[in-house]
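# Analysis of the macromolecular model
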Amino acid sequence: MFDVNSVRKDFPILGSTVHGKPLAYFDNGATTQKPQCVIDAVVECYTKTNSNIHRGVHYLSDQSTEMYENARKNIQQFINARYSQEIIFTSGTTGSINAIAFSFGEKFVKAGDEILISAMEHHANIVPWQMLCERKNAKLKVIPVDENGELKLDAVDSLLTEKTKILAITHVSNVLGTVNPIKAIIDKAHKKGIPVLIDGAQSIQHVKIDVQELDCEFFVFSGHKIYAPTGIGILYGKEEWLNQMPPYQGGGDMVDCVTFEKTYYNSLPYKFEAGTTNYVDAVGLSVAIDYIKKLGFDNIAGYEKDLLEYATNKLQTIEGLKIYGTAADKGPVISFLLENIHPYDTGMILDKLGVAVRTGTHCAQPIMDFYEIEGTVRASMAFYNTFEEIDRLYEGLLRVKTMFG
Ligand code: PMP
C-alpha cells in the first residue's frame with residue numbers, strides 16, 4: 001500500500017521549514033522536488049564517472065557514454081517507444097517543442113498552411129508555432145474550450161483541414177488540470193493524415209504513457225516535472241518522421257563527416273543532439289523514472305485523485321472562492337480566486353504560513369483572457385502531499401479572507 005509518510009522521507013526538502021513553519025509544497029506544476037536517490041545519482045556522476053560522452057577511448061568516457069545510452073533505453077521502455085533512437089535528449093519541454101517547430105516547420109510547412117493548437121496551451125506550445133507561422137506565412141488555429149475548461153471537441157473536425165500540417169496539444173492543462181481525451185483527438189487527426197504532437201509536461205508524472213498505444217507522432221516532456229533534475233527533457237518522435245526532418249542545430253556529435261564543401265549528418269538520435277548534451281542529468285532522469293516505477297502509477301494516480309477530491313471539496317466550502325477548471329477528468333491541480341482579493345496577496349499570505357502556491361498567469365495568458373481574469377492562485381499537488389497540508393492551505397485561505405475580505 002502507498003505510505004505517504006515513508007515516501008516523504010525520500011525527499012529531503014520536504015522536511016524543511018519556511019518562515020518558521022513546516023513547508024507545504026503545492027507548486028508541483030512548476031517543478032517537482034527530488035528524491036535523495038536522484039540527488040545522489042547526480043553527485044555520483046560528478047564524483048565518480050564524469051567525462052564527456054561519445055568522444056573518448058578512455059575508461060571514464062566509456063562509463064559515461066554507457067550510462068547515458070542506458071538512460072535513453074530506460075526512457076524508451078518507460079514510454080514504450082519502439083526504438084531507442086526515437087528518444088532525443090533536449091533541455092526540456094520548451095526545448096523539444098522549439099526543436100520540432102523549427103525542424104518539422106522547415107521541412108513540411110509552407111505559406112498558407114495551418115497549425116492547430118488549443119486554447120489552453122502553455123506559452124511553450126504557442127509561441128514556437130507562432131514564430132514558425134511568421135517565418136512561413138502560415139496560420140495558427142485554435143481549438144476552443146468551454147467554461148468548465150474542456151475542449152470543444154465538436155470543433156476539432158472542422159478545424160482539421162487539408163491545410164493543417166500538425167496538431168500540437170497538451171495532454172493535461174497546467175492551469176485548469178483538464179485531462180484532454182488525446183487518444184480520440186489523435187485518431188481524428190490521423191483520419192485526415194495529420195501528425196500530432198502531445199505536450200506531456202503535466203501528464204508524464206501522473207499517468208502511464210504508452211506512445212505506441214497513443215500512436216502520436218511526437219511526445220515531449222521535462223525531467224524536472226517528474227522528480228528529475230532541471231535542464232533535461234525528452235523529445236520522442238516516430239522514427240519515420242524524425243528521419244525526414246532536418247537537424248535544428250549544427251555542431252559536434254550531430255555529424256558523420258564534415259568538409260568545407262559538404263557535411264553529412266549523423267543518424268538518429270544524434271542528428272538532433274548537437275554539442276555536449278546534459279549527460280549527467282539524463283542519468284538523473286533515468287533514476288527518477290526507476291523511482292516512479294517502484295512507487296507504481298496505480299498507487300500514484302489513486303492517491304493523487306484522493307488528494308484532488310479532498311482539496312476540491314474543502315476549498316469549495318469557502319465562500320467567494322471560485323475554481324477555474326472543473327472538467328470531469330482532472331489532474332491534481334486547482335486554480336482558484338478569492339473574490340475581490342488579488343492572487344498575489346493570497347500567495348504572499350500563504351507563503352508566510354509555509355504554504356507554497358503559484359500565482360499569476362502560469363505562462364498561459366490566452367486561457368486567462370478567455371476567463372477574463374489577470375491570473376489565478378494555483379495549488380498543484382504531488383504524491384508526497386498530505387491531507388493535513390490541504391487543511392493548512394484551507395485554513396490559510398480563511399486567514400487571507402479575514403485579512404483582505
Ligand atoms: N507545457 C506545459 C503544459 C507546462 O506545464 C510547462 C511547464 N510549466 C511547459 C510546457 C514548459 O516546460 P519547461 O519550462 O520545463 O520547458
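Predicted model only: the values in this text are computed from it and were never measured. Sequence order as written defines residue numbering, which begins from 1 separately in each chain. Residue-level local features of this predicted model are given only where pLDDT is at least 70; pairs of side-chain atoms are given and counted only at 80 or more, and the full residue set underlies all totals for whole chains, interfaces and linings. Just so you know, side-chain values use all the structure's heavy atoms and leave hydrogens and water out.

## A short note on the site of the ligand
- As a structural note, the neighbourhood of the ligand is formed by T93, T94, H122, A124, T170, N174, D199, A201, Q202, S222, H224 and K225.
- N or O atoms within 3.5 Å of each other form a polar contact, as long as, within protein, one can give a hydrogen and the other can take it, and as long as residues adjacent in sequence are counted only when both atoms are side-chain atoms. Taking T94, its side chain carries an N or O atom lying 2.5 Å from an oxygen atom of the ligand.
- One nitrogen or oxygen atom from the side chain of H122 is found 3.3 Å from a nitrogen atom belonging to the ligand.
- Areas reported as accessible are Shrake-Rupley estimates using a 1.4 Å probe. Residue values count occlusion only from the protein chains shown. Calculation on the ligand without its partners gives an accessible area of 400 Å², and the protein chains cover 85% of this total. When we say a residue is near a molecule or strand, we mean one of its heavy atoms is within 4 Å of it.

## Considering unusual backbone geometry
- P269 follows L268 through a cis peptide bond whose omega is -5°.
- The residue P269 is located in the loop between strand 12 (263-265) and helix 10 (279-295) in this model.
- Positive phi outside glycine occurs at H19, with the angle close to 50°.
- Only DSSP runs of H or I with at least four residues qualify as helices, and only runs of E with at least two residues qualify as strands; both kinds are numbered from the N terminus onward. Summarising the element assignment, H19 is placed in the loop between strand 1 (17-18) and strand 2 (21-22).
- Burial classes: relative accessible area under 20% of the type maximum marks a residue as buried, over 50% as exposed, and values in between as partly exposed (1.4 Å probe, protein chains only). Relative accessible area serves as the criterion here: at 45%, H19 is assigned to the partly exposed category.
- Backbone geometry places N137, a non-glycine residue, at a positive phi of 60°.

## Structural notes on the sheet that holds strand 16 (residues 358-360)
- Pairing between two strands is assigned when DSSP locates at least 2 bridges connecting them. Here 4 strands make up an open sheet; going across it, the order is 13-14-17-16 and the pairing antiparallel. Of all the strands in the sheet, just strand 13 (321-324) and strand 16 have a single pairing partner and so form its edges. Geometrically, the sheet is characterised by an average inter-axis angle of 30° between neighbouring strands, direction not taken into account.
- Examined bridge by bridge, strand 16 and strand 17 (residues 376-380) share 3 bridges and lie antiparallel to one another. The residue of strand 17 that forms the bridge with G360 is T376.
- Against the sheet, helix 14 (residues 387-404) makes contact with strand 13, strand 14 (333-338) and strand 17, and its axis sits at roughly 15° relative to strand 14, the strand it touches most. Fitted lines through C-alpha atoms serve as axes, helices being fitted only where they are in contact, and the angles separating the N-to-C directions of these axes extend from 0 to 180 degrees. Contact definition: two residues touch when any of their heavy atoms are within 4.5 Å.

## Side note on the pattern of salt bridges
- Salt bridge, as applied in this entry: a Lys or Arg side-chain nitrogen positioned within 4 Å of an Asp or Glu carboxyl oxygen. Taken as a whole and judged by the stated rule, the model has 16 salt bridges.
- With its nearest N and O atoms 3.6 Å apart, the salt bridge here joins R378 to D27. With a gap of 351 residues between them, R378 in strand 17 and D27 in the loop between strand 3 (24-25) and helix 2 (36-49) connect regions that are remote in the sequence.
- Its relative accessible area of 2% is what places R378 among the buried residues.
- As a salt-bridge pair, K293 and D290 come within 4.0 Å of each other at their nearest N and O atoms. Here D290 and K293 lie together in helix 10, a separation of 3 residues that amounts to about one turn.
- Residue K293 is classed as partly exposed on the basis of its relative accessible area, which comes to 40%.
- Residue D290 is classed as partly exposed on the basis of its relative accessible area, which comes to 38%.
- In this structure, a network of salt bridges that share partners links the residues D27, R358 and R378.

## Brief notes about the environment of I349
- On the secondary structure map, I349 appears in helix 12 (residues 343-352).
- Through-space distance from the C-alpha of I349 to that of V400 is 6.5 Å; in sequence the pair is 51 residues apart.
- Discounting residues that sit within four places of it in the chain, I349 has contacts with V400, M403 and F404.

## Section: the environment of L214
- Locating L214 in the fold gives a position in helix 8 (residues 211-214).
- A residue is classified by how much of its surface remains accessible, and L214, at 12% relative accessible area, is buried.
- Considered as a pair, L214 and I198 are 16 residues apart in the sequence and their alpha carbons are 9.7 Å apart.
- When neighbours within four sequence positions are excluded, L214 is seen to be in contact with I182, K183, I186, I209 and F219.

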